[in-house]
Amino acid sequence: MRNLVYPLVVIAAACGLISAGFAQAAATGSVAGSIELHKAKVKTHGAKSFKDVVVYLEPLAPADYPPPVEHAVMDQRGLVFIPHVMAIQVGTTVDFLNSDHDRHNVYFLYDKTGETLDIGTWGPGQAVSYTFTETGLVITLCQLHLEMAAHILVLASPFFTVAEIEGETQRAEYAIHSVPAGEYVLKAWHKKLKMKTGDLRTTVTAGRTTTVDVAITRSKYAQQP
Amino acid sequence: MKTLKNGVGIGAFCTSMLIVLVLASEGWTVPYFSRKYRTSCVTCHEAFPKRNAVGEGFRMRGFQFVDDDVYRKEEPVEMGDKAYERLWPKAVWPSTIPSQIPLSLIGRFLGEVDLDGSRDESMMFLLPEEIELVAADAMGESLSFYGDVIYISKDFGGNDVESWITAKAWLQFQNLLGPENVLNLRVGTVGTQGMALYTARDANNFTTHFYQYTTWAMPKVNLSQSGLADFQGNPFTLQPLSGIEVNGVGKRWMYAGGWVSSQVKNPVNEFPESDFYVVGVGEKSPQDLFLQCAYKIGGLPMDGSAAKGESPLAADPEFWRDDHLMLSLFGYRGTADIEVEDAAGLTSTSADDFWRLGAGVQAKYGDLTVGAGYMWGRNDNPYGVLSTNSVDSGAWLAEAYYFVYPWLIPYARYEGLTLDLPSGVAGLDDDQDRARIIVGGKAMIRANIALNVEGTFYTDGAEVEEGIDGTLFVLLSAAF
């Protein structure tokens, strides 16, 4: 009898975990769609191209999301920040590498406040980590090589993706998965263009993909918030 | 190269001096931009150097298109990311420099055929007549520059050939205040496009000859006939001068105003004092002012902003078409020193205050463009102690050109000048009015190679501008 108890307990536990997993999967949905450029065209090649669009969701109901344990990585290679656009959740630690044979510096310009922060200068093969504790756009510069720049968008939630505009078609596709069902505001960030319609209120339904197509355009054509 | 320096030489050549400037050129074709944007010359030119609306917008924005980064195929070298603008004054203001040396070369090869037997030589070759080395580009959104060095060879109406080298250069700071392109500041050789009616500029023209209204200067006194030891008159012409200029452009308007000195060391209508000189450099501090403005009704926006569709490069399938009516005004207020040295060596100096006020109009419809202009002038005292009379002038022009094919453009211009010169001044002919018809055609052999065949025929005052009347000019130009 005792020999039978253990397998039953294990089976019951496994079933419980599986059902819990199904329940969690069933409680989330996805948001996907296209990104079109309205009355605009962007360059999609080169070290500082305009191909990247960050699409992200902000929940209407306040919620805390634990930051990821994994570090994000930004390299400095060939006098270029790689990637040029990075989206992270607040609380994420970014490792700034130096893969060049020259010294590099990392210098933040906080877009919202105009404040600056120099996190240091280091040599080839070295790295410095920095944890971003506030949301907002951080323009990342190297004071030793003035042409170098990257954009780090620090977001409150983990529901984001970086889409790439395709050069020929001048459009992109995006998808954000595993989003808990609920009400959100969908936003898109591009270093030059704005959302034509302004922010879009979006409902995420469990087990389904909600389609939201986005248009980005020059500021003068964009709906002002 | 041969140089004539003394006053006797200048006086003796006072009539043929005028010939010098009729073919004096200015490098306003910049093939480097074709390389930078990987685009044909016709993107910006109707037939180089004459620009179309896209080219004019590009020029006035400081050699940039709207959304310039989308169009250029050759990335400039950044001297700092744009974000450093926000860090100023703690950081150097960012700019760029061209990734390739922004040089262009233009060659002009001229043949002259005497049609009426008035010249000593029935045919003259100036091969080359000019070699122009041009450097121009934007340096980021807030700076642009232009410079040229031009080897010039002229024959003064079929006489001895003279050669020399000129240079021009300017630096422009874009968007100093207010909305985009409304206030730009230029230093260096200014008035390269602004010292004239906007609707009739030498640097934006089909003909091989400059306009008469921009090139005439107050006639000099012939020293050998007057008995004077020297006469330094007013050298003013509507040509580029060194100084400071502010300019701006909107969708329908443009302006350019400057602070310059017309008392230049080497007037364009005289033999240069040296084999190499910088155009328009003054002998005294600037005290003259000029203002040019224009208004465009219809057609593409003047500032190069997108109109039909969103691309300024795809506005019209015919690159030369841009139906519009344009009105232009120009004014100049200056002062020049007049020096008269008599036979005994006694020198008298006086000031000649002068004005130029003009208006122009240009209409473009389909393949036809017509234009007209008038420039009134008054010089208070152009002959110093020799005469107390003021001199009024009136210069006028009417012109038309027509695109028979995209590469073939016949043109005609009728222009003239009347001068109310004082009588009784020894060594000064008081009848120096002139009028001429220029008729010809321009054939674009390639987008970057042009052939002009052009005849000049005077209806009045042919003797004033000796050697041009009844002459056929054949000019081959290549830019690369």
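All of these numbers come straight from a predicted model, not from anything done at the bench.

We now examine the overall build of chain A. Of the regular secondary structure elements, chain A holds 1 helix and 18 strands. Within chain A, buried positions represent 32% of all 225 residues. At a minimum sequence separation of 6, the contacts of chain A that also span at least 24 residues come to 68%.

Turning to the sheet that holds strand β6 (residues 93-97) of chain A, a few remarks are in order. Residues and elements named next belong to chain A. Spatially, β4-β3-β6-β9 is the arrangement adopted by the 4 strands of the open sheet, whose pairing is mixed. Edge positions in the sheet fall to β4 (80-82) and β9 (127-131), since each of these pairs with one other strand and no more. Going from strand to strand, the sheet's axes swing by 20 degrees on average, the running direction of each strand aside. Examined bridge by bridge, β6 and β9 share 5 bridges and lie antiparallel to one another. Considered in β9, the bridge of T93 is made with T131.

To continue, consider the interface of chain A and chain B. Each partner contributes residues to the interface: chain A has 14 residues there, and chain B has 14 residues. A breakdown of the residues in the side of chain A that touches chain B according to their chemical character gives 7 nonpolar, 3 polar and 4 charged.

With that settled, consider the sheet that holds strand β12 (residues 160-164) of chain A. Within a beta sheet, neighbouring strands are joined by backbone hydrogen bonds and run either parallel or antiparallel to one another. Residue and element names in this part refer to chain A. In space, the 4 strands of this open sheet follow the order β12-β2-β14-β16, with antiparallel pairing throughout. Only two strands of the sheet have a single partner each, and these edge strands are β12 and β16 (200-204). Ignoring strand direction, the axes of neighbouring strands in this sheet form an average angle of 30 degrees. Across 5 bridges, the pairing between strand β14 (residues 182-189) and β16 is antiparallel. Its bridge partner lying in β16, E183 is registered against T203.

We now examine the pairing of strand β15 (residues 324-341) of chain B. Residue and element names in this part refer to chain B. Here 3 bridges tie strand β10 (residues 230-232) to β15, and the two strands are oriented antiparallel to one another. The partner of Q232 across the bridge, within β15, is E339. As defined by bridge partners, strand β14 (residues 288-297) adjoins β15 across 9 bridges and the pair is classed as antiparallel. Its bridge partner lying in β15, I297 is registered against L325. Bridging between β15 and strand β16 (residues 347-365) involves 18 bridges; their strand directions are antiparallel. Considered in β16, the bridge of L327 is made with V361.

For the rest of this paragraph, the subject is the domain arrangement of chain A. All names here are of chain A. Assigned domains within chain A: domain 1 (26-63 + 159-225) and domain 2 (66-155). Domain 1 and domain 2 are separated by 23 Å when their C-alpha centres are compared. Every contact between the two is made by 10 residues of domain 1 and, on the other side, 8 residues of domain 2. Looking at the side of domain 1 that touches domain 2, the elements with two or more residues in it are β2 (52-59) and β12. Sort the elements by how many residues they give to the side of domain 1 that touches domain 2 and β2 lands first, with 3 residues. Across the side of domain 1 that touches domain 2, the residue classes tally to 6 nonpolar, 1 polar and 3 charged.

Quick look at the environment of H84 of chain A now. All names here are of chain A. Position of H84 among the secondary structure elements: in the loop between β4 and β5 (85-89). Each C-alpha atom of the pair H84 and N98 lies 15 Å from the other, and the pair is 14 residues apart in sequence. Discounting residues that sit within four places of it in the chain, H84 has contacts with A47, K48, S49, D52, A150 and H151.

A few words now on unusual backbone geometry. The peptide bond linking I82 of chain A to P83 of chain A adopts the cis configuration, its omega dihedral lying at 0 degrees. Position of P83 of chain A among the secondary structure elements: in the loop between β4 and β5. The omega torsion across L127 of chain B and P128 of chain B is 10 degrees, close enough to zero to call that bond cis. Here P128 of chain B shows up in strand β6 (residues 123-138). With a phi close to 50 degrees, K39 of chain A is a non-glycine residue in the positive phi region. Structurally, K39 of chain A is set in the loop between β1 (28-38) and β2.

Definitions and limits used
Note that residues are indexed from 1 along each chain, following the sequence as it is written. Think of it this way: whatever chain is written first is A, whatever ligand is written first is 1, and the rest follow in order. Local features are withheld for residues below a pLDDT of 70 in this predicted model, meaning they are given only at 70 or higher, and side-chain atom pairs are given and counted only at 80 or more; totals for whole chains, interfaces and linings count all residues. Only DSSP runs of H or I covering at least 4 residues are called helices, and only runs of E covering at least 2 are called strands; the numbering of each starts at the N terminus. With C-beta atoms placed from the backbone, a residue counts as buried when 20 or more other C-beta atoms lie within 10 Å of its own, as exposed when 12 or fewer do, and as partly exposed for counts between those limits. Contact criterion: two residues are in contact if their C-beta atoms, reconstructed from the backbone, are within 7 Å. At least two bridges found by DSSP between two strands are what make those strands a pair. Fitted lines through C-alpha atoms serve as axes, helices being fitted only where they are in contact, and the angles separating the N-to-C directions of these axes extend from 0 to 180 degrees. Only Asp, Glu, Lys and Arg are considered charged, only Ala, Val, Leu, Ile, Met, Phe, Trp, Tyr, Cys and Pro nonpolar, and every remaining residue, Gly among them, polar. Domain start and stop points were drawn from an automatic or database domain assignment.

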